[in-house]
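So you can see what is in the structure, the chains are spelled out below.
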Amino acid sequence: MAAFVELKNACEDDFEVEFEVVPSIDLVNVCDERRKKIARDLENIESQREAVLQRVNELNADIDRLTNHADGIDYAIAVTCGIITGIFDAVIVGEWDFKNAKAISNQQINEKVMDFAKKDPGYVDFLDKKRTKSKDPNRLDNAIEFLEKKYKLPGDGEYKPYKDYGITDKTHHLDDFCHHPTLVGLVCCILVQFTGIAKYRSSSGEVIKVPIEVNEYGNLVSQETWGKFFAGIINWFFNVAKTIKNRKGHLLSDMAGSSTAVGKGNEGAGIPGSFLATAKELAALPCFEDTNFAENLRKAYQNGIGVGKKQLDLGAFNSLFQGASSKVDMRTEMAVKHELKRQAVPVIINELLVRGLYFIRRFIMQMKQKHSIAELDWREVMPFRNRTIVRMMTVASGTFTAIDMADAAIRSAIKSGGFNAPAFLSNMILRVNFVGVGRFAVAVATDAGMGLKRNYLRGERMKLYSELIFYTDAKVFYKQADMWISAENAGEAIEKAYEMMETTTAFLLESMHEMGDDLNKIGTYIPEIKKKNERLLEDMNDILTWG
């Protein structure tokens, strides 16, 4: 039987060890074609069986990862972290403060507008040419007016003859997608270069096509195809896109409102933020045409959120936007993000505490088992991508949310003077940590998703076990077939042995008869022997006697 591999170790004390890896069946020296076929099929079955076994091992690892192994200590850690961070949220983060957040967002945007205008060399010349006495470079209305005149978007201002369709000074930033700080806004800026038409979509869902002169309103324009793409991208980038210094040009001025509005002491119509812009773009889809979705967006953008005339009424959630202008533009979105960032602090601390303690405990447990960092199973130590840490985060975030809700309910009842439903809900909303609620929802969804995936993988593993049983039965079948072939060959060998035994027995009997005849004839030869050699018989007797 030929060897696949031959190995020989180094000599030591005149002792050598040789190893050979040989096939289980020597197909070269097997003459029976049936046995060769059986051997080849057995090898094929075994290779498929090994592949299924490997897949089963992978599924076992995934199922183990998707199985919750948390014990009492893990649950105690999760609950404790949730309690600590819940108290931190109630005491430190406190109530939702839209008024302060809006003031901060206004200040940040105004500072960006002023800084960008002052860095432009043409700002000083612009102030010198103004006929009014208000030439102070630190005035916000001057900065906005300068940026509005220098950086224009294609079609900006051309909507005015179409006011009867609902496109006004207060809504054109929302209705014109070129003003949107989104990917759709970029595409619209590029399309304007090719079509020479700006499209406005009113709150009623009607599309108004406004012919424009790109040369007059666009920053860049080209007659070549690639140039039109380039011009559209550059126009959008300098007018809309976020850069290291935030939004620039015309849209930067729109973020702080119009120059005429600021000069009168109000905010004016700012640009929509990324959330409202995306919602407006979704409102253009056919599935929203027969709903009031677009109209509600216009109310929120133009008049704000509340119970006032033409405002969008969100019920108890109106209290979140009280204390300052609630018009849902970029300034309002920045204010909301500011408050959500404050609420995210205890949620992040909760996350870090649970995952950190999980890591420390698993690290200690692994060190007790392995006694060496090099041998650690880091998949068991790292606090990510396993059902145990997900379950701990579900418990921790659920505890956090429960404490947050209890605190909000108690404080709201005190503030409302009882459980007066409208006032109670409005005050309670101000104390709810929405980031914590969202994190708890994500944790529950992730936990449930892992459970569903675990059940699916267990079903797949059962199918693979069925395949393993099939391959095992197939191996038994082929082994049985080989056994019967061997039995057949053994039967032929036994028959040949019987024939050989009969031949040998006959030969032995014939030989014994001949030997008997020869022994009987020896006596007749004695006289002749004595004549020829008298001492022969005596010598033979001595040999037989003494050896």
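Residues numbered from 1 in each chain as written. Predicted model: local features only at pLDDT ≥ 70, side-chain atom pairs only at ≥ 80, totals over all residues. Heavy atoms only, no water.

(A) View of the pattern of salt bridges. If you walk through the whole model with that rule in mind, you get 19 salt bridges. One salt bridge connects Lys 37 with Asp 41, and the closest N-O pair in it is separated by 2.9 Å. Here Asp 41 and Lys 37 lie together in helix H1 (residues 33-65), a separation of 4 residues that amounts to about one turn. Judged by relative accessible area, Lys 37 falls into the partly exposed class, the value being 48%. Lys 475 serves as the salt-bridge partner of Glu 46, at 2.8 Å between the closest nitrogen and oxygen. Here Glu 46 is found in helix H1, whereas its partner Lys 475 is found in helix H18 (residues 434-522), with 429 residues between them in sequence. Looking at Glu 46, the relative accessible area reads 23%, which means it is partly exposed. Look at Lys 475 and you get partly exposed, because its relative accessible area is 25%. (Salt bridge = Lys/Arg side-chain N within 4 Å of Asp/Glu carboxyl O. Helix = DSSP H or I, 4+ residues; strand = E, 2+ residues; numbered from the N terminus. Buried < 20%, exposed > 50% of the residue type's maximum accessible area, 1.4 Å probe, protein only.)

(B) Fine view of the pairing of strand E4 (residues 207-211). Residue alternation in E4 divides its side chains into a buried set, Ile 208 and Val 210, and an unburied set, Val 207, Lys 209 and Pro 211. In this sheet, E4 lies alongside strand E3 (residues 197-201) in antiparallel orientation, the contact comprising 5 bridges. If you follow Ala 198 over to E4, its bridge partner there is Val 210. (Pairing = 2+ DSSP bridges.)

(C) Main features of the packing of helix H14 (residues 330-370) against H18. One can describe the packing of H14 onto H18 by two numbers: an axis separation of 7 Å at closest approach and a directional angle of 45 degrees. In terms of axis orientation, H14 runs oblique to H18. On the side of H14, the interface is formed by Leu 340, Gln 343, Ala 344, Val 347, Glu 351 and Arg 355, while H18 contributes Phe 434, Val 435, Gly 436 and Arg 439. Among the residues forming the contact of H14 with H18, the class breakdown is 5 nonpolar, 2 polar and 3 charged. (Axes fitted to C-alpha atoms, helices over the stretch in contact; angles between N-to-C directions. Parallel < 35°, antiparallel > 145°, perpendicular 65-115°, else oblique. Contact = heavy atoms within 4.5 Å. Nonpolar A, V, L, I, M, F, W, Y, C, P; charged D, E, K, R; others polar.)

(D) Summary view of the packing of aromatic side chains. A full pass over the atoms with the stated rule returns 7 aromatic pairs. Both rings, one in Phe 359 and one in Phe 363, keep their centres 6.1 Å apart while their planes meet at 20 degrees; by these two values the pair is stacked. One end of the pair, Phe 359, and the other, Phe 363, are both in helix H14, 4 residues apart, so they sit about a helical turn from each other. For Phe 363, a relative accessible area of 25% translates into the label partly exposed. Centre to centre, the rings of Phe 477 and Tyr 478 are 5.6 Å apart; their planes meet at 80 degrees, and the pair counts as edge-to-face. An aromatic cluster is present here, built from Trp 96, Phe 317 and Phe 434 joined pairwise through their rings. (Phe/Tyr/Trp six-rings, centres within 6.5 Å; stacked < 30°, edge-to-face > 60°.)

(E) A look at unusual backbone geometry. Of note, the phi angle at Lys 310 is positive, near 60 degrees, even though the residue is not glycine. Inspection of the secondary structure assignment puts Lys 310 in the loop between helix H13 (293-302) and H14. Residue classification places Lys 310 among the exposed positions, given a relative accessible area of 53%. A positive phi angle, close to 55 degrees, is found at Arg 385, a residue other than glycine. Considering the arrangement of structural elements, one finds Arg 385 in the loop between helix H15 (378-381) and helix H16 (387-416).

(F) Quick look at the confidence of the model for the protein chain. Looking at the protein chain, pLDDT values average 79 and 80% of them are 70 or higher. Taken element by element, the predicted model of the protein chain shows its lowest mean pLDDT in helix H10 (residues 249-255) (49) and its highest in helix H2 (residues 72-93) (96). Note on residues 241-250: pLDDT is under 50 here. Beyond four places in sequence and across chains, it has 32 contacts. (pLDDT = per-residue confidence, 0-100.)

(G) Looking closely at the nonpolar core. Among the nonpolar cores identified, the biggest contains 26 residues, and Val 52, Val 354, Ile 389 and Met 392 are the most heavily contacted of them. Contributing elements (two or more residues each) for this core: H1, H2, H14, H16 and H18. When residues of this core are assigned to their parent elements, the largest contribution, 8 residues, is made by H18. Excluding residues within four positions of it along the chain, Met 392 makes contact with Asp 74, Ile 77, Ala 78, Val 354 and Tyr 358. Leu 276, Ala 283, Ala 300 and Ile 305 belong to the second-largest nonpolar core, a separate cluster that totals 19 residues. (Core = buried A, V, L, I, M, F, W, Y, C linked by side-chain atoms within 4.5 Å.)

(H) Quick peek at a nonpolar patch on the surface. Among the surface-exposed residues, Val 79, Ile 83, Ile 87, Val 91 and Ile 92 lie close enough to one another that they form a single nonpolar patch of about 430 Å² accessible area. Structurally, the position occupied by Ile 92 is in helix H2. (Patch = residues over 30% accessible without salt bridge, like charges linked within 9 Å, V, L, I, M, F, W, Y side chains within 5 Å. Areas by Shrake-Rupley, 256 points an atom, 1.4 Å probe, with all protein chains shown as cover.)

(I) Up close: a negative patch on the surface. A cluster of acidic residues, Glu 492, Glu 495, Glu 499 and Glu 502, forms a negative patch on the protein surface. With respect to the element layout, Glu 495 can be found in helix H18. Residue class for Glu 495 comes out exposed when judged on its relative accessible area of 54%. (Lys, Arg positive; Asp, Glu negative; His and termini not counted. Charge placed at Lys NZ, Arg CZ, Asp CG, Glu CD.)

(J) The packing of H2 against H14, seen in detail. Where H2 contacts H14, the two axes come as close as 9 Å, and the packing angle between them is 155 degrees. One finds that H2 runs roughly antiparallel with respect to H14. The interaxial crossing formed by H2 with H14 has right-handed handedness. Counted together, Ile 73, Asp 74, Ile 77, Cys 81, Gly 82, Thr 85, Phe 88, Asp 89 and Val 93 of H2 and Arg 342, Gln 343, Val 345, Pro 346, Ile 349, Asn 350, Leu 353, Val 354, Leu 357, Arg 361 and Arg 362 of H14 form the full contact between these two elements. The residue inventory of the contact of H2 with H14, partitioned by class, reads 11 nonpolar, 4 polar and 5 charged. (Left-handed = near helix turned anticlockwise from the far one by under 90°.)

(K) Here's a closer look at H14. With 41 residues, H14 should cover 60 Å at 1.5 Å per step; its first-to-last C-alpha distance of 55 Å lies within 8% of that length. The sharpest bend along H14 comes to roughly 30 degrees, located at Ala 344, with the proline Pro 346 sitting one to four residues further on. (Expected span 1.5 Å × (residues − 1). Bend = angle between axes of the 7 residues up to and from the residue.)

(L) Fine view of H18. Look at H18: 126 Å from first C-alpha to last across 89 residues, which is about the 132 Å you get at 1.5 Å a residue. Of the residues that open H18, the one with a side-chain oxygen 3.2 Å from the backbone nitrogen of Val 435 is Asn 433. (Polar contact = N/O pair within 3.5 Å; in protein donor to acceptor, adjacent residues only side chain to side chain.)

(M) Representation of the environment of Lys 415 in the model. Note that Lys 415 resides in helix H16. Measuring from C-alpha to C-alpha, the distance between Lys 415 and Asn 427 comes to 7.4 Å, with 12 residues separating the pair along the chain. Not counting residues up to four positions away in its chain, the partners in contact with Lys 415 are Glu 95, Asn 427 and Leu 430.

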